[in-house]
Amino acid sequence: MSNNTTLPSKSATDICLTDRQMSLSVNSTEGVLIGTIIPILVLFGISGNILNLTVLLAPNLRTRSNQLLACLAVADIVSLIVILPHSMAHYEMFETALWFRKFYGKYKFQIIGMTNWSIATATWLVFVICLERLIIIKYPLSVRKQAKFFTPRNVVTIIVVTTFILTSYNHVSHACAEKLFCNGTQYHVACIEINSERWFRNEPNPNSELMKSLVRYAPQVNAIFVVLIPVVLVIIFNVMLILTLRQRQKLFEPSKTIRGDSQYGSQAKTEHKVTITVTAIVTCFTITQSPSAFLIFLSFYIHADFVILSAICTILVVLGKALNFVLFCLSSASFRQRLLMQTKQGILRKSTRTVSMVTSSTVVVDSLPDSRKRSRVAMEMAERRTSASSCLVGGNRADRTHRANSSQSMIGERMPLKEFRRGTSFV
């Protein structure tokens, strides 16, 4: 975690900072881009990915590809949630709020670390999805042989753990000092890198050489294994996937038929449709993620503040995660049908519950008097039979008859209860 310390200063509480000094935006353009466009994309992307999960995680649709796509949707949701505080920091109502400034100042680099972690996880998941589709299309038998170990659970676990290790340096990369101004109404935080030669109040850097080296070289390793390699591989495999689709498209022309039985033909068509959806998602990822990767490597060689370019690249990354729902709807007719069917089932289920609750309460109230009436009639009939038998027969025989009739009366009393239970359970 970043080290937060409070710097004492003479009459610091009497000094009030200006609006520019309290601003969390570098300039007004960044405030407009990050503060206005990203919240709309975040809300649309979260709701769209939740709808994706409702379809992909349906009991009869939990295939290997759908499970990987569902994990990608979860990673995108996490990315969109943790990127939202950066957008909130550009609004005046949050920028001047003491509680938000304390939260954002203390945990800013932890939020950045979680953002990079979720984006890196999504990047490698896109690569695995693209590779899995390419192998299924070209070598379907090899997937069945390797499916025992390379299950979605194992693959996702390896990706999540590896990307966390590669991006964990963000949590210790900076040290921050906090201070209150203007009689405790203004909160300000200043942060510097761990490997910086300058330290607070021109003191020597207290961190060890190992920590300095970690913070110095970890971003380069992260850029290579989290940004460069997966993006390049995704571009290569996506091109191969598009070429393979173009070759297989001839098999599904109306004038031609697939050789083999009908079951193989229907399965091949299904795999072809799934591959089209995956290709659309991977292509969108390549277009929206590549500028950000290029900017990261450009910053290593050119020491400049690419504020506007960084904001544009961030918008593209968020846009790519928000468009997955649109791509599912446009490229998959079965996805649209399944989504509409689940929506109708949800509406019918709610209406059925309401009607059943009203009906069950009405039946219970109406059935109580009838059951009491039937029990009273049964008791009267049992008493009459007992009195008649006692008048005709005496002695031991009368006692036996009385016991028999009393047992019948008990049975008669229980019958209405059973009928009532049947009626309630039926409703």
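Residues numbered from 1 in each chain as written. Predicted model: local features only at pLDDT ≥ 70, side-chain atom pairs only at ≥ 80, totals over all residues. Heavy atoms only, no water.

Participant: Would you mind going over the pairing of strand β3 (residues 186-193) with me for this structure?
Facilitator: For a regular strand, the rule is simple: side chains alternate between the two faces of the sheet. With eight bridges joining them, strand β2 (residues 174-181) and β3 adopt antiparallel strand pairing. When the sheet's bridge partners are listed, His174 is paired in β3 with Glu193. Between β2 and β3, which follow one another and run antiparallel, lie four residues, and Cys182 among them has a positive phi close to 55 degrees. (Pairing = 2+ DSSP bridges. Helix = DSSP H or I, 4+ residues; strand = E, 2+ residues; numbered from the N terminus.)

Participant: I keep staring at the UniProt feature "transmembrane region" (unreviewed entry) in the protein and nothing clicks. Help me out?
Facilitator: Within this structure's numbering, the places UniProt gives as "transmembrane region" (unreviewed entry) are residues 32-56, 68-89, 109-131, 152-169, 223-245, 276-302 and 308-330. For the annotated span residues 308-330, helix accounts for 96% and strand for 0% of the residues, and the straight-line distance between the end C-alpha atoms is 32 Å. (UniProt positions renumbered as here; feature names shortened; annotations may be inferred.)

Participant: Can you help me understand a nonpolar patch on the surface in this one?
Facilitator: On the surface, Val221, Ile224, Phe225, Leu228, Val232, Ile236 and Met240 cluster together into a nonpolar patch covering about 520 Å² of accessible area. Inspection of the secondary structure assignment puts Leu228 in helix α8 (residues 209-248). Given the relative accessible area of 36%, Leu228 is considered partly exposed. (Patch = residues over 30% accessible without salt bridge, like charges linked within 9 Å, V, L, I, M, F, W, Y side chains within 5 Å. Areas by Shrake-Rupley, 256 points an atom, 1.4 Å probe, with all protein chains shown as cover. Salt bridge = Lys/Arg side-chain N within 4 Å of Asp/Glu carboxyl O. Buried < 20%, exposed > 50% of the residue type's maximum accessible area, 1.4 Å probe, protein only.)

Participant: Please clarify how the pattern of salt bridges should be interpreted in this entry.
Facilitator: Pairing between side chains of opposite charge can happen when their charged atoms approach one another. Counted according to the given criterion, the structure contains four salt bridges. Between Glu132 and Arg64 there is a salt bridge whose closest N-O contact spans 3.8 Å. Placement of Glu132 in helix α5 (residues 98-138) and of Arg64 in helix α3 (residues 64-88) is noted, with a sequence separation of 68 residues between them. With relative accessibility at 7%, the residue Glu132 sits in the buried group. Glu132 is paired through a salt bridge with Arg133; the nearest N and O atoms lie 3.6 Å apart.

Participant: Which parts of the structure should I look at to understand the packing of aromatic side chains?
Facilitator: The description of an aromatic ring pair uses the distance of the two centres, along with the angle that the planes make with each other. Applying the stated criterion across every chain, the model contains 11 aromatic pairs. Plain terms: the ring middles of Trp99 and Phe100 are 5.8 Å apart, the flat faces sit at 85 degrees to each other, and that makes the pair edge-to-face. Look at Phe100 and you get buried, because its relative accessible area is 2%. Taken together, a centroid distance of 5.7 Å and an interplanar angle of 45 degrees make the contact between Phe127 and Phe237 tilted. In this pair, Phe127 sits in helix α5 while Phe237 sits in helix α8, placing the two residues 110 residues apart along the sequence. (Phe/Tyr/Trp six-rings, centres within 6.5 Å; stacked < 30°, edge-to-face > 60°.)

Participant: So what exactly am I meant to see when it comes to the state of the cysteines here?
Facilitator: For the structure on display, the rule yields two disulfides. Disulfide pairing places Cys16 opposite Cys182 at an S-S distance of 2.0 Å. Between Cys16 and Cys182 the sulfur-sulfur dihedral comes to about 70 degrees; the bridge is accordingly right-handed. Placement of the pair is Cys16 in the loop between β1 (3-6) and α1 (19-22) and Cys182 in the loop between β2 and β3, with a sequence separation of 166 residues. Taking relative accessible area as the criterion, Cys16 reaches 43% and is therefore assigned partly exposed. Residue classification places Cys182 among the buried residues on the basis of a relative accessible area of 16%. (Disulfide = S-S within 2.5 Å.)

Participant: Sorry, what's going on with the packing of α5 against α8 here?
Facilitator: Packed helices, taken two at a time, are described by the angle between their axes plus the distance between the axes. Where α5 contacts α8, the axes come no closer than 9 Å and their chain directions differ by 30 degrees. By the angle class used here, α5 and α8 are roughly parallel. Where α5 crosses over α8, the handedness of that crossing is left-handed. Across the interface between the two elements, Ala120, Thr123, Trp124, Val126, Phe127, Cys130, Leu131, Arg133, Leu134, Ile137 and Lys138 of α5 pack against Phe225, Val226, Ile229, Pro230, Leu233, Val234, Phe237, Asn238, Met240, Leu241, Thr244 and Arg248 of α8. Here the residues of the contact of α5 with α8 sort into 17 nonpolar, three polar and three charged. (Axes fitted to C-alpha atoms, helices over the stretch in contact; angles between N-to-C directions. Parallel < 35°, antiparallel > 145°, perpendicular 65-115°, else oblique. Left-handed = near helix turned anticlockwise from the far one by under 90°. Contact = heavy atoms within 4.5 Å. Nonpolar A, V, L, I, M, F, W, Y, C, P; charged D, E, K, R; others polar.)

Participant: Just checking my understanding: could you explain the confidence of the model for the protein for this structure?
Facilitator: Detailed conclusions should not be drawn from predicted coordinates in areas where pLDDT is low. Mean pLDDT over the protein: 77, with 72% of residues reaching 70 or higher. Mean pLDDT in the protein bottoms out at helix α13 (residues 395-426), which sits at 41, and peaks at helix α7 (residues 152-167), which reaches 93. In this model residues 7-11 is a low-confidence stretch, pLDDT under 50, and it forms eight contacts with partners more than four residues away in sequence or in other chains. Of the regions scoring below 50 in pLDDT, residues 257-261 engages in eight contacts with residues more than four places distant in sequence or in other chains. (pLDDT = per-residue confidence, 0-100.)

Participant: Just checking my understanding: could you explain the packing of α3 against helix α10 (residues 307-322) for this structure?
Facilitator: Two elements in contact, α3 and α10, have axes whose closest approach is 10 Å; the angle formed by their N-to-C orientations is 140 degrees. In terms of orientation, α3 and α10 fall into the oblique class. In this structure, α3 meets α10 at a crossing whose hand is left-handed. Here Asp76, Ser79, Leu80 and Ile83 of α3 lie close against α10, whose contacting residues are Thr314, Val318 and Lys321. The residue inventory of the contact of α3 with α10, partitioned by class, reads three nonpolar, two polar and two charged.

Participant: Would you take a moment to explain empty space enclosed by the protein for this structure?
Facilitator: In this approach the atoms are scanned with a rolling probe the size of a water molecule, which exposes any empty space left behind. Under the definition given, this model contains three cavities of 30 Å³ or more. When its volume is computed, the largest cavity comes out at roughly 130 Å³. Forming the boundary of the largest cavity are 13 residues, of which Asp76, Phe285, Gly320, Lys321 and Asn324 lie nearest the centre. Mapped onto the lining of the largest cavity, the elements with two or more residues apiece are α3, α5, α9 (262-301) and α10. When residues in the lining of the largest cavity are grouped by element, the largest group, five residues, is from α9. Broken down by class, the residue content of the lining of the largest cavity amounts to seven nonpolar, four polar and two charged. Quantified by volume, the second largest cavity comes out at close to 40 Å³. In terms of lining, the second largest cavity is formed by Asn49, Asn52, Leu56, Leu69, Leu72, Ala73, Asp76, Ile281, Asn324 and Phe328. Of all the elements in the fold, those that place two or more residues in the lining of the second largest cavity are α2 (28-56), α3 and α11 (324-331). When residues in the lining of the second largest cavity are grouped by element, the largest group, four residues, is from α3. (1 Å grid on protein atoms, 1.4 Å probe; cavity = no way out; pocket = protein on both sides within 12 Å on 5 of 7 lines; lining within 4 Å. Points joined across faces, edges and corners; volume = space filled by probe spheres on them.)

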